[in-house]
Structures are given as structure tokens and as C-alpha cells.
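Chain by chain, the residues run as shown.
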Amino acid sequence: MGKPIKIRAKMKGDIAEVKALMPHEMEAGFRRDPATNERVPAHYITDVVAQHNGDVVFTAYWGPAVSKNPFVSFSFLGAAVGDTINVHWRDNKGDSSAIEAVFK
Amino acid sequence: MKIDRRFFIRKVMAVGVLLAVPRILFAARPDKAFAATDGDQAMASLFGETPAASDRVVLKIPEIAENGAVVPVTISTDLENVESISVVVANNPTPLAASFALGPRSVANVSVRIKMGESSQVLAIVKADGKLYSASKDVKVTIGGCGG
């Protein structure tokens, strides 16, 4: 399992706003280990999916150029205070993490 | 020792649910566009054409990025029926940084933080109602962010 996602879900009037921070090294695969001079293999999140009421409301496809410990924010309509949002990610090594949050 | 049958069934079902969920969730990532080593190539692979500049796409990014490892980007638009929002950093080794797929309930306003290896033009591309719109900015990077 990947490290747990930190998430904040907030209603701003009609707009449901989600902010998520995903602790992950996001290794691009271009860097060499200074000690061994070996190339550090790429390891990064490739997909992020968010679901509300069984509906996919947001999908992110990422390359290695997304910063370490990625932060993402997105918004959608049709949610209410007390509703649940699910966020999942998976990376190029098949690792994954998921979290649930309730809109405030 | 006898294994309780109910307990066994519950365990098997719990594992089954854990394994089944992620596979349904993830749709097809445009792997070919992410592998492209040229910005135009990435866009051609993603959209099949080059987007036209539009002032309805708002790209917020610092003009001078002190640290190329963490450059905050926000893209928004007042266009309707937005299908996707993508970020391309022309001078990065693989220029396509991120592509966001939106749905009918989405508000077209997305923020993310990206890495920039060197100063470069950054493009935001919005696909709305099947049409492509873009905005671009030149960003000067003081310290590169590809871990050199």
C-alpha cells in the first residue's frame, strides 16, 4: 500500500471543492544515484480517480513531471454537506492508496 | 483444527472486494502521449491536432519559478462542457505533465504542482464540446527541477 492521502473536502456554496496531498516520491527516472552512479528507476503516480455517489467526478493522468508529494485540487457540482468523496491513486509500479472524506 | 465455514466465506469475500474495486475504477491513461519527447508530438497523440490560442483559457503560473521542482499551476475556463484539461511543458524531457478528465458535474478549475527542468513555455489545453483551446506562458526557472 502507498502512503495515506491527506484530503480536505469543503462545500463552498454549490461548489464542492476537494484538495488532496499524496505523499509519494514521484521519481522521474532521469536522476542518478550519487553514490553508485546508477540511474534511479522511475516511480510516479500515473492515475488519480475521485468518486462521489458512485460517479467518477474527476480523473487525473500524470507523468513523472508532477512534483514530489503531489497536490491537486478540483471542484464539482451536485454534492452536499455530509456526502462522501473517494480518492484513489495508483503508480507505475502497481502500488496504490485510497481515502474517503466527508464534505464539510 | 476446524475452520469455521462462515468465517472463511467472509474472509474470501473481503479479499475479493479489495481486489475488484481498483480495476473497475481506472480508465485508459494516454500512455503514448506521456511518452512523447516533443510538445507537438504529445498534443498530436492526445488530440490529433494543435489547439488554437484562446483568451477563455486562464493559465495561472508564476513568471519566474525559483524552484523548478515545485511550480504551482492553476487552469480554469468559462467554457462549457469541458472534457479535459492538459498541461504541457515544452522543454521538459517528456513535455506532457498532466491531463485531467472532467465530467458533466465538473467545475473547470484544476490546480497541480509540476516540475520544470529549465525555462520553458507552458501550455494549458482545454477540450470543450470537442474543440481545443489553449493558453500559454513563458516561465523562467532559476533552479531546474529534474534532479540533476
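Provided above is the structure to which this section pertains.
Residues numbered from 1 in each chain as written. Chains lettered and ligands numbered in written order. Predicted model: local features only at pLDDT ≥ 70, side-chain atom pairs only at ≥ 80, totals over all residues. Heavy atoms only, no water.

Enquirer: Where do I start with the interface of chain B and chain A in this structure?
Expert: Each partner contributes to the interface: chain B provides 32 residues, whereas chain A provides 39 residues. Taken together, the connections running from chain B to chain A amount to one salt bridge. Note that B:Arg105 and A:Asp55 form a salt bridge whose closest N and O atoms lie 3.1 Å from each other. Linking chain B to chain A there are 18 residue pairs in polar contact (both at pLDDT 80 or more). Mapped by element, the contributors of at least two residues to the side of chain B that touches chain A are helix H1 (5-25), strand S6 (96-102) and strand S7 (106-114) of chain B. (Contact = heavy atoms within 4.5 Å. Salt bridge = Lys/Arg side-chain N within 4 Å of Asp/Glu carboxyl O. Polar contact = N/O pair within 3.5 Å; in protein donor to acceptor, adjacent residues only side chain to side chain. Helix = DSSP H or I, 4+ residues; strand = E, 2+ residues; numbered from the N terminus.)

Enquirer: Looking at this structure, how should I read the pairing of S6(B)?
Expert: The two faces of the sheet receive side chains in turn, since in a regular strand these alternate between them. Among the seven residues in S6(B), six count as buried, and that is most of the element. Two elements, strand S4 (residues 55-62) of chain A and S6(B), share five bridges in a ladder whose sense is antiparallel. Looking at S6(B), one finds that A:Phe58 is bridged to B:Leu102. Bridge count between strand S5 (residues 82-89) of chain B and S6(B): five bridges; the pairing is antiparallel. Residue B:Val87 lies in a different strand from S6(B), and its bridge partner there is B:Ala98. Counted along the chain from S5(B) to the antiparallel partner S6(B), the turn is six residues long. (Buried < 20%, exposed > 50% of the residue type's maximum accessible area, 1.4 Å probe, protein only. Pairing = 2+ DSSP bridges.)

Enquirer: Where do I start with the pattern of salt bridges in this structure?
Expert: Any two side chains of opposite charge can pair, given that their charged atoms come close. Following the criterion strictly, the structure yields seven salt bridges over all chains and no others. In this structure, B:Asp31 engages B:Arg29 in a salt bridge whose closest nitrogen and oxygen atoms are separated by 2.6 Å. In this structure, B:Asp78 engages B:Arg56 in a salt bridge whose closest nitrogen and oxygen atoms are separated by 3.1 Å. Of this pair, B:Asp78 sits in the loop between strand S4 (71-77) and S5 while B:Arg56 is found in the loop between strand S1 (52-53) and strand S2 (57-60), placing the two residues 22 residues apart along the sequence. Note on B:Arg56: relative accessible area 39%, which makes it partly exposed. Here the residues in one salt-bridge network are A:Lys12, A:Glu17 and A:Lys19, joined through shared partners.

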